[in-house]
Amino acid sequence: MSLITPAPDAALIVVDVQNGFCDGGNLAVAGGAQVVPIINRLAPAFANIVITQDWHPAGHASFASAHHGKAAFDTTEMFYGSQVLWPDHCVQGTPDAELHADLHLPTAQLIIRKGFHAGIDSYSAFMEADRQTQTGLQAYLKQRGIRSVYVVGLATDFCVAWTALDARTAGFDTSVIEDACRAIDMNGSLAAAWAQMQSQGVKRLQSSSFQLP
Ligand code: VGL
Ligand code: ZN
């Protein structure tokens, strides 16, 4: 089997590798920090790297604490549809929102923040949960001539999956590097995310498939 060498017009999208989603964080994903060395190893193979950061104002509408009588991991109806309610996490300017200290991506060109509108969540790095509001990432990547994207980070079944699905919709050749991601996996969300991604033509790869410099 031949190894993958990312093309010059490919981008690595590193999703939400923040303290909040790693061990000790406010919305810790099991094994979250384990993706850090894998992403650090993959990064030199990519000419283009974009980092995302979940970046919520205090009191954000995705926080259970903002909804009377609700607990974390309950759901509620927002104006745009069903929303899982989370513990307060990745509040702007707090240590929980900082990128993991061991993430070493000196060549990354853009950090895109999302989830900063008080009343709208944004799992996807491309489009907010109202499915109307663009983050600007699609235009950025298109203007830079990017044709394919490889998505890694946290969490597989939420921000990684939504980002990959929107990348497909935007016309990018899209892959998720599975072992460079970790999942929240609540109520079958991980299997559902993979089924949806695969039905939309998102490729499922492993980091061992890459030719690394
Ligand atoms: C995420 C839940 C809430 C993620 C962000 O990065 O997958 N999940 N906010
Ligand atoms: Zn969030």
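Bear in mind the structure is a predicted one, so any value in this text is a computation, not a measurement. (Residues numbered from 1 in each chain as written. Chains lettered and ligands numbered in written order. Predicted model: local features only at pLDDT ≥ 70, side-chain atom pairs only at ≥ 80, totals over all residues. Heavy atoms only, no water.)

**A closer look at the nonpolar core**
1) Next: Counting 63 residues, the largest nonpolar core has Leu-12, Val-14, Ile-39, Leu-141, Val-149, Val-176 and Met-197 as its most contacted members.
2) Next: Broken down by secondary-structure element, the contributors of at least two residues to this core are strand 1 (10-15), helix 1 (35-42), strand 2 (48-54), helix 2 (137-143), strand 6 (148-154), helix 3 (156-169), strand 7 (173-182) and helix 4 (189-199).
3) Next: Per-element accounting of this core gives the leading share, 7 residues, to helix 3.
4) Next: In this structure, Ile-39 is in contact with Val-14, Val-17, Leu-103, Leu-105, Val-152, Gly-153 and Ala-180, ignoring residues within four places of it in sequence.
5) Next: One finds Ala-61, Tyr-80, Ile-120 and Ala-129 within the second-largest nonpolar core, a separate group that totals 5 residues. (Core = buried A, V, L, I, M, F, W, Y, C linked by side-chain atoms within 4.5 Å. Buried < 20%, exposed > 50% of the residue type's maximum accessible area, 1.4 Å probe, protein only. Helix = DSSP H or I, 4+ residues; strand = E, 2+ residues; numbered from the N terminus. Contact = heavy atoms within 4.5 Å.)

**Re helix 3**
1) Next: By the criterion of burial, helix 3 is predominantly enclosed, with 11 of the 14 residues buried.
2) Next: Within the sequence span of helix 3, burial applies to Thr-156, Asp-157, Phe-158, Cys-159, Val-160, Ala-161, Thr-163, Ala-164, Leu-165, Asp-166 and Ala-167.
3) Next: Contact partners of the buried residues in helix 3: strand 1, strand 5 (110-114), strand 6, strand 7 and helix 4.
4) Next: Within two residues after helix 3, Gly-171 carries a phi angle of roughly 95°, on the positive side.

**A word on the site of ligand 1**
1) Next: In the neighbourhood of ligand 1, the contacting residues comprise Asp-16, Phe-21, Leu-27, Asp-54, Trp-86, His-89, Tyr-123, Leu-154, Ala-155, Phe-158, Cys-159 and Ile-184.
2) Next: Coverage of ligand 1 by the protein amounts to 100% of the 260 Å² it exposes when considered alone.
3) Next: Taken together, the residues of the shell around ligand 1 break down into 9 nonpolar, 1 polar and 2 charged. (Near = heavy atom within 4 Å. Areas by Shrake-Rupley, 256 points an atom, 1.4 Å probe, with all protein chains shown as cover. Nonpolar A, V, L, I, M, F, W, Y, C, P; charged D, E, K, R; others polar.)

**Points about the coordination of the zinc ion (ligand 2)**
1) Next: The protein atoms that coordinate the zinc ion (ligand 2) are Asp-54 (OD), His-56 (NE2) and His-89 (NE2), at distances spanning 2.0 to 2.2 Å.
2) Next: Seen from the zinc ion (ligand 2), its 4 donor atoms lie at angles of 88 to 170°, and the figure they make is irregular.
3) Next: Linear spacing of the donor residues for the zinc ion (ligand 2) on their chain is D-x1-H-x32-H. Taken together, the residues Asp-54 in strand 2 and His-89 in the loop between strand 4 (81-84) and strand 5 connect sequence positions 35 residues apart. Note on accessibility: Asp-54 and His-89 belong to one class, buried. (Donors = N, O, S within 2.8 Å, 3.2 Å for Na, K, Ca; no water. Tetrahedral: all angles 85-135°; square planar, octahedral: opposite > 155°, others 65-115°.)

**Here's the deal with unusual backbone geometry**
1) Next: In this model, Leu-154 is joined to Ala-155 through a cis peptide bond whose omega is -10°.
2) Next: Here Ala-155 shows up in the loop between strand 6 and helix 3.
3) Next: Phi is positive for Cys-90, close to 45°, though the residue is something other than glycine.
4) Next: Turning to its location among the elements, Cys-90 is positioned in the loop between strand 4 and strand 5.
5) Next: Phi is positive for Asp-185, close to 55°, though the residue is something other than glycine.

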